[in-house]
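Single-letter residue listing:
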Amino acid sequence: MSDQTGPPPAAPAPVPPPDVSAALSLRGLWKRFGQKIAVAGVDLDVPTGSFFGLVGPNGAGKTTSLSMATGLLRPDFGTVHVHGTDLWALPERAKAELGVLPDGVRLFDRLTGAQLLTYAGLLRGLDRDTVAERTEDLLQAMDLVGDRDTFVVDYSAGMTKKIGLASAMIHAPRVLVLDEPFEAVDPVSAANIRDILHGYVADGGTVVVSSHVMDLVQRMCSHVAVIAGGHVLAAGTVAGVRGEQSLEDRFVDLVGGRRESEGLAWLRSSSASS
Amino acid sequence: MVAQLVRLKLTLLANTFRRSVWQTIGLVVGSLYGLGVLVLVVAAAVAGGTADPVVTGHVLTLAGALVVLAWWVVPVFAFGVDATLDPRRFVTFAIPRRTLLAGLALAGLVSIPAAVTTLGALGVSFAWWRQPAALVAALVGGVLATALCVVGSRAATTALAPLLDSRRYREVLAIVAVVPLLLIGPAVGWLADGVEVTVDGAGSDALGAAIAPLAGVVGWTPLGAPWALASAVHDGAWALLAARVAICLGTLALAGVVWDRALARELVTPRGGGSSATAAKGLGWFGRLPATPLGAVAARTATYWVRDPRYAASIAMVPLLPLVLLAVGTTNGAGGVVLLLMAPLAAWLLGFGISNDVGYDNTAFALHVATGVRGRVDRWGRVLPVLVAGLPLCVAFAVVGCAVAGRWDALPAMLGLTAGTLGASLGISSAVSARLVYPVPKPGESPFKSPQGATMATMLAQMATMGIILAVSVPTLALALPAILLPQAALGWAALGVGLVTGVLVLLLGVRWGARTYDRRLPELLQQVMAFG
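These lines cover the structure that appears in this document, whether it is placed above or below.

### Quick notes on the state of the cysteines
Residue and element names in this part refer to chain B.
- A full pass over the atoms with the stated rule returns 0 disulfides over all chains.
- Take Cys-248: it sits in no disulfide, and the sulfur closest to it among the cysteines is that of Cys-149, at 11 Å.
- For Cys-248, a relative accessible area of 1% gives the class buried.
- Cysteine Cys-394 remains unbridged, with the sulfur of Cys-402 as its closest cysteine sulfur at 13 Å.
- In this structure Cys-394 comes out as buried when scored by relative accessible area, which is 1%.

This is the structure in structure tokens:
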């Protein structure tokens, strides 16, 4: 529908070319919904092999950015490169490298857990034996073996999240993009999932997670980006972004200061005022 | 607090106007339509009352009883139709139960159906304008009837809420509800026949004689009693009047108590108990169909047609079609010939079933977007199960239809028409569903619940789809109809050829166009269903 070949709007700063070595490289992403500009010029590089946390207050544009980065939402302007492949120019090739857990969407919940995983695997073009094998492994890893024949509609919120996560992983993607993966998941399962993700990163995979929980991101992630009001306020290694502070304090500084006025207010370091 | 609840309901009603232009247009059109019907009904009642108050009183009693019955029964089937004031939403606010009850009862009056019922109940009272005493009784009856409608419907839904909480029960109920809906048509035909016969016979006297005993019985039930008050006054039967008022008040009190009890239980029972999880062994269709993306989409579609009540409801209609048509045929005297309609109708029903498939997927469609399913795969995957299962069924229907009607000569034309209809409806549905997505009941909701604000856009989309299907079927129809009606055997063979060719052609082109559209606007399709919430 929208014409994506048009020139970008008068951007405040020249946009550097996309980083083709990065797992995920976003450049000048804009998205407007009616009157509201949800994402206003997001540039972000997710280095290959990083465990990348995306944090921001509610309505900051996290989900919108991730949707545009995974092919679920067409940006008004800007580009997305997945390991150097332009997602919006060659969606099939780029999507094959991505595993996506979107937030706030349903699953095909009249299928059983095993059927849903099989469906996701077959849609990804895997053969029957591979799908069967990985379905078993994933059900095991997610502690859902006992519920394999239960319809997903009868799953609890945490189980639904886990089966969604499993179906995002079944084709062994190079990049996993997970929107709020730990929401409603019990601590034991969350720890298991974290182990799986860490192992995946250690083997060269890249994980992007969005979260509200700063503590979790600080402990779990190697890199972090703080996003608010549709802008990236800070990005880099967790140590680099938080400096001497805890990530949470740093986040409140960044986001709290942002609220006072428009423009470059976030450059001033006003801490206590809200 | 009572006033606040009423104000809340008013705000909710007003907000539905503000949500979208379509919604506003839909509501305005709906209201105008309702108002038009209302004016007609009231005018008819007044005219009838002027001419023959006794018979009019009987008719009003019967019609009114149906209205009350509808108020009591429909919400049970179409659960969740008006959940804006679900009592459970007030659990966390410490509102005294009596206050909540009164507030919910009054707020229940604030809705378009309630407004129409109230106006109608009061309006038809003026059938008695010649007799002030009866008029007063009728007005009182109207108020009582409206109260019975609202309180009774609330009592029924609240009391049955524990049952309706179980997913499986809801789904069975939803499919069972198809049956009475399908029988409405034949029932109306039968009634019309009855009226016709009596009118032919001896005018309104005969009609009055026919329904008087029925109205007499219904007048004693809680459904009909409030509507029969004026008749009692008219006849000067004061004891009868007292008895009917007592029935009304007693029922009202009983419904109030039931509602109160159920509400008390509802407020202390947490939601979502009794989860009887259902299970299916193995992979089902996923294990049987080829392990390709196309096979997977087809397996998913086949699974959903059986397991999702929204599809299953339309499947349930197909085997009922012969029964309904047979009923229509015998009542209007046309006999088995009507069964000739069965095959094209079934073909159309099946094909039209996928005309809003993405809307039915709701946001689960995100999986197709994230995995980058190609349009060709998605479209064919949705068409093939319907085609493979539907084609033999429709052919069987055509053969049986011709056999029952004793019209073997019409078989070629029937087959042509059926094949053409199936191909055209599947092809056009595939094309349209990649372009027009309209809100439908969400997964897990009643198949009969029409989502708020959908009406106008839905009607337009459906009418457009049907219009295009009809348009591409014109060549086949132009040959098949004369072939069957004249009858003209040679035309029948031509219809078979043309039907097959157009069916196949429209199917191929429709799927192709749908696949291209799908590939081009995949993310936009997802955003459209996301917008339904």
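From this point on, the discussion continues.
### Digging into the sheet that holds strand β6 (residues 98-101) of chain A
Residues and elements named next belong to chain A.
- On the basis of which strands lie adjacent, the open sheet formed by 6 strands has the order β6-β7-β8-β3-β9-β10 and mixed pairing. Only two strands of the sheet have a single neighbouring strand rather than two, namely β6 and β10 (231-237). In this sheet, adjacent strand axes meet at a mean angle of 15° when their direction is disregarded.
- Summarising the sheet, strand β7 (residues 175-179) and strand β8 (residues 206-211) pair through 5 bridges and their orientation is parallel.

### Side note on the sheet that holds strand β2 (residues 36-46) of chain A
Residue and element names in this part refer to chain A.
- Strands sit in the order β2-β1-β4-β5 across an open sheet of 4 strands; the sheet is antiparallel. Strand pairing shows two members of the sheet lacking a second neighbour, β2 and β5 (85-86), which therefore form its edges.
- Packed onto the sheet, helix α1 (residues 62-69) meets β1 (24-33), β2 and β4 (77-82) and runs at close to 120° relative to β1.

### Observations concerning helix α12 (residues 293-307) of chain B
- The terminal C-alpha atoms of α12 of chain B, which comprises 15 residues, lie 21 Å apart, in line with the 21 Å expected from a rise of 1.5 Å per residue.
- Summarising burial for α12 of chain B: 11 of the 15 residues are buried, a large majority.

### Brief notes about the pattern of salt bridges
- Per the counting criterion, the structure on display carries 15 salt bridges over all chains.
- Across the pair Glu-524 of chain B and Arg-74 of chain A runs a salt bridge whose closest N-O atoms are separated by 2.7 Å. Of this pair, Glu-524 of chain B sits in helix α21 (residues 522-530) while Arg-74 of chain A is found in the loop between α1 and β4, placing the two residues in two different chains.
- Judged by relative accessible area, Glu-524 of chain B falls into the buried class, the value being 14%.
- By relative accessible area, which is 9% here, Arg-74 of chain A ends up buried.
- Among the ionic pairs, Asp-409 of chain B bridges to Arg-407 of chain B, the shortest N-O distance being 3.1 Å.
- Connected through shared salt-bridge partners, Arg-300, Asp-357, Asp-361, Asp-378, Arg-379 and Arg-382 of chain B make up one network.

### Observations regarding the packing of helix α3 (residues 113-123) of chain A against helix α5 (residues 157-169) of chain A
Residues and elements named next belong to chain A.
- At their nearest, the axes of α3 and α5 sit 8 Å apart, and the two run at 25° to each other. One element, α3, and the other, α5, form an angle in the roughly parallel class. Regarding α3 and α5, the two cross each other, and that crossing is right-handed. On α5, the residues that touch Gly-113, Leu-116, Leu-117 and Ala-120 of α3 are Ile-163, Ala-166 and Ser-167.
- Here the contact of α3 with α5 is composed, by residue class, of 5 nonpolar, 2 polar and no charged.

### What to know about the pairing of β6 of chain A
All names here are of chain A.
- Both faces of β6 are covered, namely the face carrying Leu-98 and Val-100 and the face carrying Gly-99 and Leu-101.
- Looking at chain direction, β6 and β7 are connected through 4 bridges and run parallel. Pairing of Leu-98 across the sheet is with Val-175, part of β7.

### Looking at the nonpolar core
- The biggest cluster of nonpolar side chains holds 146 residues, and the ones touching the most others in it are Leu-24, Val-80, Tyr-119, Leu-197 and Val-207 of chain A.
- Per-element tally for this core: the top contributor is helix α17 (residues 375-405) of chain B, with 9 residues.
- In contact with Leu-24 of chain A, not counting residues within four places along its chain, are Leu-44, Asp-45, Val-46, Ala-69, Val-80, His-81, Val-82, Leu-98, Val-177 and Val-208 of chain A.
- Grouped together as the second largest cluster of nonpolar side chains are 45 residues, Trp-71, Ala-225, Trp-259 and Leu-263 of chain B included.

About the thresholds
- Residues numbered from 1 in each chain as written.
- Chains lettered and ligands numbered in written order.
- Predicted model: local features only at pLDDT ≥ 70, side-chain atom pairs only at ≥ 80, totals over all residues.
- Heavy atoms only, no water.
- Disulfide = S-S within 2.5 Å.
- Buried < 20%, exposed > 50% of the residue type's maximum accessible area, 1.4 Å probe, protein only.
- Pairing = 2+ DSSP bridges.
- Helix = DSSP H or I, 4+ residues; strand = E, 2+ residues; numbered from the N terminus.
- Axes fitted to C-alpha atoms, helices over the stretch in contact; angles between N-to-C directions.
- Contact = heavy atoms within 4.5 Å.
- Expected span 1.5 Å × (residues − 1).
- Salt bridge = Lys/Arg side-chain N within 4 Å of Asp/Glu carboxyl O.
- Parallel < 35°, antiparallel > 145°, perpendicular 65-115°, else oblique.
- Left-handed = near helix turned anticlockwise from the far one by under 90°.
- Nonpolar A, V, L, I, M, F, W, Y, C, P; charged D, E, K, R; others polar.
- Core = buried A, V, L, I, M, F, W, Y, C linked by side-chain atoms within 4.5 Å.

Everything listed here is a matter of coordinates, which is why it stays silent on function.
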